[in-house]
Amino acid sequence: MLSNKHLVTVCATAFACNMTLLVIIALYNAQDKCFITIDQQNVAVNIPDTYLSVGIDVSEIQDYHTVDFSNKQFKNLASALSPARIRLGGTMSDRLIFSPDDIPSVSCNHCPYNTVKAFCSSLKKVCRHKFLPFFVMTGPKWIEINNFCKDTGLQLMFPLNVLLRDDHEWNLQNAMELIKFSKSNKFDIDWQLGNEPNSFRHVFNRSVNPHDLAQDFKKLRKLLNQSGYEDSLLIGPDTTRPQERQPYCLKYMVEFLGNASQYVNVRSWHQYYLNSRTAKLEDFWDPDTFDLLDTQIQTMKRHTQEYEYIPMWLTETSSSYGGGAPGLSNSYAGTPLWLDKLGLAARNNITTVVRQSFYGGNYSLIDKNLQPLPDWWVSVLYKKLVGNKVLRINCHCSRYQRVYAHCANRKYTNDTTAITIYAVNLEMKKMKFLLNGTALSGNHLNIDEYVISAPHNDRFTKVILLNGQPLYYESSTPDFDPHQRVNDNHIRMPPYSVGFWVVKNTSLTICD
């Protein structure tokens, strides 16, 4: 039997535990109310259908058995993201040599006698500068890759090897072989030259200054024009993200554009938030991490303002560099960063975002077993629901809620007044948004709701919920059933969720 003193202690402890539980439940169920207002007069930006694009690192195809571009499910998963661009890039692209024929065995000590002379010359350059391991892209493999692009509706973007050099000048012999081979097969390709050239000293112990690279781009533009690729885009210089501690990135970009702006169709750079080796779950859901992208975009735009007539692309980007953080970049933990990047980049007139990667690494959209990961589902929903016209939006909410709006995709609805709102809730509590303004008020609105969340709020999950039901891949064109809200002008988000809402029957005329 408990003494009075012990009984009081037990009761006090139980009361404290109950109060703590009640506080947790209250926080979970709290519905902070935010207000969303749409600018009814002006469209901010127009983005192309290929805005959301993907990449595959060349290292993934170094072993020809790793990626089977003829695999039906692989092609179906890619087709679901069409129309899009696909970039074959990464560090290995500057170790790549093209051979139109299959080569049974090749090494720095052996170049088969029956190969094209230009190939052996290029091999010597790679070996002399110790750009190892090198990779030989053969004609049959190149045909397989291009057929994959044609079959899936993806536009190929390929960076040629800029480290095949004679002193300070790019040697274009091997590029000529690849371009001639591509044209003879009627392949539709956009081109680049080099991958992250401002980092060559760190990666290869070799440098190419921005003036020399600009002259190399001039040679490539001339070559493309003479080879039947005059309509192909030339995209560059693919520098790394701007950082205060590494001002050389911005300096490189500015000096390159100062010498090459008349030769490039797109100014391009790469962006990552975190270091894969040190990143933690909390970093992936920290508003300070999200704000890094906006700072980097504004910095890059400010320093290249003189060339704002040249479109800006993110030609390689993901949550964390170094292959992605295992269990984070390829799980639901990385999904808010991805959706927010799509919204923020579009709002800032970045007209193409290339996700690293479609396949391979710990930041891929599909896994090694060709099963979709959370960001694939979100990307397919984005393609399905989000239209080209980016709207100006004002959201009165905290840093933990991030909201974007576009005109709705016309392939989804023929309602010319419809808009698609998409948002991220980084907090462990419910959120409620009032659609504000005369165009979004009244009881006439209908909303198709697609809310994505994690089972039991497990942000490490690779199986996500859509409107409370788990998503499993069963067909090449998955069905997404919306939760329909009739006569409602509110958007509701569970804790730790992202979502899309197609709002119909508005009074907006801006999407006509």
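Keep in mind the model is a prediction, meaning the values are calculated, not measured. Throughout, residues of each chain are indexed from 1 in the direction in which the sequence is written. Given that this is a predicted model, residues contribute local features only at a pLDDT of at least 70 and side-chain atom pairs are listed and counted only at 80 or more, while totals for whole chains, interfaces and linings are drawn from all residues. Side-chain numbers come from the whole structure's heavy atoms, not from hydrogens or water.

Regarding the overall build of the protein
Okay, so step 1: What counts as a helix is a DSSP run of H or I of at least four residues, what counts as a strand is a run of E of at least two, and both are numbered from the N terminus. Counting its secondary structure elements, the protein contains twelve helices and 23 strands.
Okay, so step 2: As a reference, a globule follows 2.2 Å times the number of residues to the power 0.38, and the radius of gyration itself is taken over C-alpha atoms. The C-alpha atoms of the protein give a radius of gyration of 25 Å, which matches the 24 Å a tight globule of 512 residues would have.
Okay, so step 3: For the protein, the spread of C-alpha atoms along the principal axes amounts to about 95 × 65 × 45 Å.
Okay, so step 4: Put simply, the protein shows about 22,000 Å² of open surface, and 49% of that area lies on carbon and sulfur atoms.
Okay, so step 5: Distance between charge centroids for the protein: 2 Å, based on 52 positive and 48 negative side chains. Only the protein chains shown count as cover for residues, and all accessible areas are computed by the Shrake-Rupley method using a 1.4 Å probe. In this tally, Asp and Glu contribute negative charge and Lys and Arg positive charge; neither His nor the terminal groups of the chain are included. By convention, the point assigned to a charge is CZ for Arg, NZ for Lys, CD for Glu and CG for Asp.

Comments concerning the pattern of salt bridges
Okay, so step 1: In what follows, salt bridge is the name for a side-chain nitrogen of Lys or Arg lying within 4 Å of a carboxyl oxygen of Asp or Glu. Under the criterion given, the structure shown has 20 salt bridges.
Okay, so step 2: Across the pair lysine 125 and aspartate 166 runs a salt bridge, and its minimum N-O distance is 2.6 Å. Within this pair, whereas lysine 125 is found in helix H3 (residues 117–128), its partner aspartate 166 is found in strand E7 (residues 165–166), the two being separated by 41 residues in sequence.
Okay, so step 3: Relative accessibility decides the category of a residue: with a 1.4 Å probe and only protein chains considered, values under 20% of the type maximum give buried, values over 50% give exposed, and everything between is partly exposed. On the basis of relative accessible area, lysine 125 is assigned to the buried category, the value being 8%.
Okay, so step 4: A salt bridge links arginine 402 to aspartate 291, with the shortest nitrogen-to-oxygen separation between them at 3.3 Å. In this pair, arginine 402 is assigned in strand E15 (residues 401–408) and aspartate 291 in helix H10 (residues 287–303), connecting sequence segments 111 residues apart.

Quick notes on the state of the cysteines
Okay, so step 1: When the sulfur atoms of two cysteines come within 2.5 Å, that pair is taken as a disulfide. Counted according to the given criterion, the structure contains three disulfides.
Okay, so step 2: The partner cysteine of cysteine 108 in its disulfide is cysteine 127, sulfur to sulfur 2.0 Å. Across the S-S bond linking cysteine 108 and cysteine 127, the dihedral sits near -85°, which makes this disulfide left-handed. Note that cysteine 108 is positioned in the loop between strand E4 (96–99) and H3 and cysteine 127 in helix H3, a separation of 19 residues in sequence.
Okay, so step 3: On the accessibility criterion, cysteine 127 (16% relative accessible area) is buried.
Okay, so step 4: Two residues, cysteine 111 and cysteine 120, share a disulfide whose sulfurs are 2.0 Å apart. Its torsion about the S-S bond being -85°, the disulfide of cysteine 111 and cysteine 120 is classed as left-handed.
Okay, so step 5: Owing to a relative accessible area of 25%, cysteine 111 belongs among the partly exposed residues under this scheme.
Okay, so step 6: In the protein, the cysteines engaged in disulfides, taken in order along the sequence, are linked 1-4, 2-3, 5-6.

Things to note about the sheet that holds strand E11 (residues 266–275)
Okay, so step 1: Two strands pair under a simple rule: DSSP has to find at least two bridges between them. Sheet architecture is closed into a barrel: eight strands sit in the order E2-E3-E6-E9-E10-E11-E12-E13, paired in parallel fashion. For this sheet the average axis-to-axis angle between neighbouring strands, irrespective of direction, equals 30°. A fitted line through C-alpha atoms serves as each axis, taken over the contacting stretch for helices, and the angle formed by two N-to-C directions is quoted from 0 to 180°.

A look at the side chain of arginine 165
Okay, so step 1: Inspection of the secondary structure assignment puts arginine 165 in strand E7.
Okay, so step 2: Judged by relative accessible area, arginine 165 falls into the buried class, the value being 2%.
Okay, so step 3: Within the structure, arginine 165 has its side chain in polar contact with the backbone oxygen of histidine 168 (distance 2.8 Å).
Okay, so step 4: Side-chain polar atoms of arginine 165 contact the side chain of aspartate 216, separated by 2.8 Å.
Okay, so step 5: Note on contacts: a residue pair is in contact if any heavy atoms of the two residues lie within 4.5 Å. Not counting residues up to four positions away in its chain, the partners in contact with arginine 165 are Lys125, Arg128, Trp170, Asn171, Arg206, Val208, Asp212 and Asp216. Whenever two N or O atoms come within 3.5 Å, that pair is a polar contact, provided that in protein one can donate a hydrogen and the other can accept it, and provided that, for residues adjacent in sequence, both atoms are side-chain atoms.

Overview of the side chain of glutamate 427
Okay, so step 1: Along the chain, glutamate 427 falls in the loop between strand E16 (419–425) and strand E17 (430–436).
Okay, so step 2: Overall, glutamate 427 belongs to the buried group, its relative accessible area being 19%.

Details of the environment of arginine 492
Okay, so step 1: Looking at the element boundaries, arginine 492 is found in strand E22 (residues 490–493).
Okay, so step 2: Between the alpha carbons of arginine 492 and lysine 33 there is a distance of 9.4 Å; along the sequence they are 459 residues apart.
Okay, so step 3: Polar contacts involving the side chain of arginine 492 include one to the side chain of aspartate 488, which spans 2.9 Å.

Details of the pairing of strand E23 (residues 497–504)
Okay, so step 1: The element E23 is largely enclosed, with a buried count of seven among its eight residues.
Okay, so step 2: One ladder, built from seven bridges, connects strand E18 (residues 446–453) with E23; its direction is antiparallel. Residue pairing in the sheet places isoleucine 452 in a bridge with valine 498 of E23.

Regarding the packing of aromatic side chains
Okay, so step 1: Between the rings of Phe, Tyr and Trp (Trp by its six-membered ring), a pair exists once the centres lie within 6.5 Å; its type follows the angle of the planes, with under 30 degrees stacked, over 60 edge-to-face, and the other angles tilted. On inspection of all chains with the given rule, the structure shows 22 aromatic pairs.
Okay, so step 2: Ring centres of tryptophan 377 and phenylalanine 480 lie 6.1 Å apart, and the angle between their planes is 90°; on these two criteria the pair is classed as edge-to-face. Of this pair, tryptophan 377 sits in helix H12 (residues 374–385) while phenylalanine 480 sits in the loop between strand E20 (469–470) and strand E21 (483–486); the two residues are 103 residues apart in sequence, bridging distant segments of the chain.
Okay, so step 3: Residue tryptophan 377 is classed as buried on the basis of its relative accessible area, which comes to 3%.

Focus on helix H4 (residues 139–152)
Okay, so step 1: Residue count minus one, scaled by 1.5 Å, sets the expected span of a helix. The end-to-end C-alpha distance of H4, which contains 14 residues, comes to 20 Å, matching closely the 20 Å that a straight helix rising 1.5 Å per residue would cover.
Okay, so step 2: Within H4, the full set of buried residues consists of Gly139, Lys141, Trp142, Ile145, Asn146, Phe148, Cys149 and Thr152.
Okay, so step 3: Backbone geometry just downstream of H4 places glycine 153 in the positive-phi region, at approximately 75°.

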